[in-house]
Amino acid sequence: MAGWLGHYRPGLLRGDVLGALTAWALIVPESVAYAQIAGLPPQNAFYAAPVALLVYALFGRSNFLIVGATSAAAVLSAAAVSGISGDPQDAVGLSAALAVIVGAVLLIAGVARLGFITNFLAEPALVGFLFGMALTIVVRQGAKLVGVSSGDGNFFERLWTILRRAPDWSLATLAVGACALALLFLLERFVPRLPAALIVLALALALSAPLGLKDHGVDLVGEIPPAVPVPHLPGIAAEDWIALSTGALGVALVVFAEAFSIANRFAREHGQEVDANREMAAVGLSNIAVGMVRGFVVSGSASRSAAATGAGGSTPMVSLIAAGLILLTGAFLTPLFTDLPEPVLGAIVIVAVRGFMRVGELRRYAALDRQSLWVALTALIGVLLFDLLPGLLLAVVLSLVLFIAAASRRNVAVLGRLPGTRLYADTTQHPDAATTPGVLAVRPDGSLFFGNVNRVRLAVRDLVADASPPSRAVVLDLTGSYRLGIPVLDTLDELRGELARKDITLHLAHVRARAERDLSHHALADRIGPHRLHRTVDDAVSEAISGTS
């Protein structure tokens, strides 16, 4: 737990403090907004925010991820809770219980080392999802820059709503937002060492009242009630716990996929790695803790993580400091944010997420890998058309489809003996490798499983049909298969029967220990016989030539 504290260097403190201040300035007003989306009172955001930060800092491994309320988590929570009860008075207990259940699912999955699921999230799909997520955040925050509501719906519907309401745009609001954007870009361009977001926030707070921005029609964050988190068990009926559990798996998957995609992105940008199992457990513990203080489901925040990192934050100390600041804010300092202009907050978020719009990566896909480009664009457009949650699920499904498609396409290499050796290699890569007349030696390029074994059977059958002179034996090299499931063994037995009807024997080479155990429990073991199982391809070919088989 918090092993990073023992290696913490004082020289990192300045950047972490600046990152924490920036995260704090974003977390307070954003969390209040997300509490409203989740159908909860504003003070519940202050219950959840410091607890989520503290628990993740102690148990998580990402140096850059800021955990807390997000738009996706808030929408998920509201959807799950509204399906149980439409009474606002029930929302607090149901939302807290959902967070506990989601946290328990993630914690159990992390302990069971199911983090490998994240390996099936293809990078192009994540690039597209994060790009779409950034655009979605931009259009929602863009509404604050012009002083109108973006309404409901997907990216295009919200964008059209903003453009359609152009006559209602507030010039004062637009001026404040444009100045904030310009100042942010100028500070980052010419004085990148300074915390641009924090400077702009401080200036906005200092000038808001003297300039009378509210009187000019500029929306302000407004009054935020004080609140401090205290332990409080979700007081809901047993049947409500059961009803919430039915949707908790889906919520848990989306919450973790969102958090891990952000954590992994930042880690790779800084030459680091994150442990998916540890992250899954840490996000789970954060949700359990939040649920125990009347909060709602939390995830990783792209905008806050980007803003804190951009300000200089580089360790989980950012989350610890930010948690302390939010506790103080909830107890004593909420009036500080009363005069914060909404367009300034929107400008900061827009600048913070622009790094997720990786146009250069899409261009690289277009030049080198068109399939990856279409996958990224599909995920991106899915987010824009169907919003964050369906878009993320689409990215996950695309990744799984890519994996299954790649795994099911297995090339079957014809093997030949390298001159002067007893080694066999792919004849397409080694033209000097000599095949043995009458013996067809082949190797699937990868592990066999139910999704590709029939393709391998058909490929071997076609190679036998084209062999000249005709083959008397087929040697199947199983180097890539560490285990053999029943569907695989059944199909290999079918191949053995087809070959036997043509008076061709089947030999297996390089059968791994686990695969050999699987084979020993199948009828194929007796039908093929122990004398046709060989340590090497050379042994199998020699046996086939000798005619003793």
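Residues numbered from 1 in each chain as written. Predicted model: local features only at pLDDT ≥ 70, side-chain atom pairs only at ≥ 80, totals over all residues. Heavy atoms only, no water.

Novice: For this particular structure, what's the right way to read the overall build of the protein chain?
Specialist: Along the protein chain, the regular secondary structure elements total 21 helices and 8 strands. For the protein chain, the proportion of contacts with a sequence separation of at least 24, taken over those separated by at least 6, is 81%. Looking at the protein chain as shown, the accessible area adds up to about 24,200 Å², and 62% of this sits on carbon and sulfur atoms. Computed over 41 positive and 41 negative side-chain charges, the inter-centroid distance for the protein chain is 6 Å. (Helix = DSSP H or I, 4+ residues; strand = E, 2+ residues; numbered from the N terminus. Contact = heavy atoms within 4.5 Å. Areas by Shrake-Rupley, 256 points an atom, 1.4 Å probe, with all protein chains shown as cover. Lys, Arg positive; Asp, Glu negative; His and termini not counted. Charge placed at Lys NZ, Arg CZ, Asp CG, Glu CD.)

Novice: What am I meant to see in a nonpolar patch on the surface here?
Specialist: Taken together, the side chains of Phe 156, Ile 381, Leu 385 and Phe 386 define a hydrophobic patch exposed on the protein surface, amounting to about 380 Å² of accessible area. Among the elements that line the nonpolar patch, the one with the most residues is helix H15 (residues 370-386), at 3 residues. Structurally, Phe 386 can be placed in helix H15. Among the residues examined, Phe 386 registers a relative accessible area of 51% and is labelled exposed. (Patch = residues over 30% accessible without salt bridge, like charges linked within 9 Å, V, L, I, M, F, W, Y side chains within 5 Å. Salt bridge = Lys/Arg side-chain N within 4 Å of Asp/Glu carboxyl O. Buried < 20%, exposed > 50% of the residue type's maximum accessible area, 1.4 Å probe, protein only.)

Novice: Would you explain helix H9 (residues 238-269) in this entry?
Specialist: Taking 1.5 Å of rise per residue, 32 residues should cover 46 Å, and H9 covers 45 Å from first to last C-alpha, within 8% of that figure. Along H9, the helix axis deviates most sharply at Gly 247, where the bend reaches about 45°. Downstream of H9 by a residue or two, Gly 271 has a phi angle that is positive, lying close to 70°. (Expected span 1.5 Å × (residues − 1). Bend = angle between axes of the 7 residues up to and from the residue.)

Novice: How do you make sense of the packing of aromatic side chains when you look at a structure like this?
Specialist: Aromatic rings considered in pairs are described by the distance between their centres and by the relative angle of their planes. Tallied over the entire structure, the rule returns 5 aromatic pairs. Both rings, one in Phe 449 and one in Phe 450, keep their centres 5.1 Å apart while their planes meet at 80°; by these two values the pair is edge-to-face. Taken together through their ring pairs, the aromatic side chains of Phe 64, Phe 266 and Phe 356 make up a single cluster. (Phe/Tyr/Trp six-rings, centres within 6.5 Å; stacked < 30°, edge-to-face > 60°.)

Such coordinate-based values are descriptive only and should not be taken to indicate function.
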